[in-house]
Amino acid sequence: MKLDAQTAGGGRITALDAVTQRLSLPPGDGRTYRLAQLDDYTRLPRKAFRWQAPARLELRARVSAPDLPGTWGFGWWNDPFSAGLGLGGGQRRMPTLPNTAWFFYASPPNHLAFRDDHPADGLLAAVFSAPRALGLMLAAGLPALPLLAWRVTARAMRRTASRFIKEDAVRVDRDVTAWHTYAIDWQPTGVHFSVDGQPCFETPIAPEGPLGLVVWIDNQYAAFPPDGRVRMGALPCATASALELTDLTIESTRSVVK
């Protein structure tokens, strides 16, 4: 499977063999955003993203430490927060509401859940689903985003988002520094997650496609907690960090892609 590479802040992507990739970040302070990412959608408009349910993703992966600062993961999403201007060959895309099915690790102070009863950091098996029509409403409402600077209005906007964006997630307790086989089975009626062939999460919520494949590691944090205090930025890391993956396969109704 041919994937595009995106890097920032000294991030590197190295082929260890014909099927194994190493995504690595150098150590550094919190003033610089660092990223290493593989994806299949950078040059595509959202309507041309490749994947629809039913589809099944499987890969083997490990990371260099259990508590890396920032985020890492793999799965499908619609690149909802992109505000790209088409630079570097990428497509122009406005922000939209999230549709995702992925294994997602987030270190504190990340808080990426709209519902108070869902886990918001750690290694998560997680799904977000929002009607695409509401994404158009978000684009129309962009002038209201400065209201997030006030906690009262931010809390109200978070409550509103929780009513329109369906989400489900569980924390996955695994030694992420060891090799594990992760699988996501995305069906129109729900999503099934497994690790090493053992089910770890099943939800009736399914994202709306089409979605793009993404594998990444970065030092970013974003928090929209119940108190309404919106925060985002980059985190320092005293040592280098890495995500390694191998044996990536996607099965769909059309083909098996490796």
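Higher on the page you've got the structure.
Here the structure is a predicted model, which is why all the values come from computation and not from measurement. (Residues numbered from 1 in each chain as written. Predicted model: local features only at pLDDT ≥ 70, side-chain atom pairs only at ≥ 80, totals over all residues. Heavy atoms only, no water.)

1. Section: the environment of Arg34
Structurally, Arg34 can be placed in the loop between β3 (20–25) and β4 (35–39). Polar contacts involving the side chain of Arg34 include one to the main-chain carbonyl oxygen of Thr32, which spans 3.3 Å. (Helix = DSSP H or I, 4+ residues; strand = E, 2+ residues; numbered from the N terminus. Polar contact = N/O pair within 3.5 Å; in protein donor to acceptor, adjacent residues only side chain to side chain.)

2. Some remarks on empty space enclosed by the protein
Evaluation of the coordinates by the stated rule reveals 1 cavity of 30 Å³ or more. Reported here for the largest cavity is a volume of approximately 40 Å³. If you trace the largest cavity, you find it lined by Leu25, Pro26, Arg34, Pro69, Asn219, Cys237, Thr239, Ala240 and Ser241. Considering only residue class, the lining of the largest cavity consists of 5 nonpolar, 3 polar and 1 charged. (1 Å grid on protein atoms, 1.4 Å probe; cavity = no way out; pocket = protein on both sides within 12 Å on 5 of 7 lines; lining within 4 Å. Points joined across faces, edges and corners; volume = space filled by probe spheres on them. Nonpolar A, V, L, I, M, F, W, Y, C, P; charged D, E, K, R; others polar.)

3. A short note on the pairing of β3
Two strands pair when backbone bridges link them, and strand β2 (residues 12–15) and β3 are joined in this way by 4 bridges, in the antiparallel orientation. For Ala15, the partnering residue across the bridge sits in β3 and is Gln21. Taking the residues between adjacent antiparallel strands as the criterion, β2 and β3 are bridged by 4 residues. Both β3 and strand β16 (residues 241–252) contribute to a ladder of 6 bridges, which runs antiparallel. (Pairing = 2+ DSSP bridges.)

4. Here's the deal with the packing of aromatic side chains
What the rule picks out here adds up to 13 aromatic pairs. Between the aromatic rings of Trp102 and Phe104, the centroid separation amounts to 4.9 Å while the plane-to-plane angle is 35°, which identifies the pairing as tilted. There is no split in this pair, since Trp102 and Phe104 are both buried. Ring geometry for Trp102 against Trp216: centres 5.2 Å apart, planes inclined by 40°, an arrangement best described as tilted. Of this pair, Trp102 sits in strand β7 (residues 100–106) while Trp216 sits in strand β13 (residues 212–218); the two residues are 114 residues apart in sequence, bridging distant segments of the chain. Each member of the pair Trp102 and Trp216 is classed as buried. By way of ring pairs, the aromatic residues Trp72, Phe74, Phe103, Tyr105, Tyr182, Phe193 and Phe201 are connected into one cluster. (Phe/Tyr/Trp six-rings, centres within 6.5 Å; stacked < 30°, edge-to-face > 60°. Buried < 20%, exposed > 50% of the residue type's maximum accessible area, 1.4 Å probe, protein only.)

5. Observations regarding the side chain of Arg34
Here Arg34 is buried and forms no salt bridge, its nearest opposite-charge partner Asp29 lying at an N-O distance of 4.8 Å. From its side chain, Arg34 meets the backbone oxygen of Gly28 in a polar contact 3.4 Å long. (Lys, Arg positive; Asp, Glu negative; His and termini not counted. Salt bridge = Lys/Arg side-chain N within 4 Å of Asp/Glu carboxyl O.)

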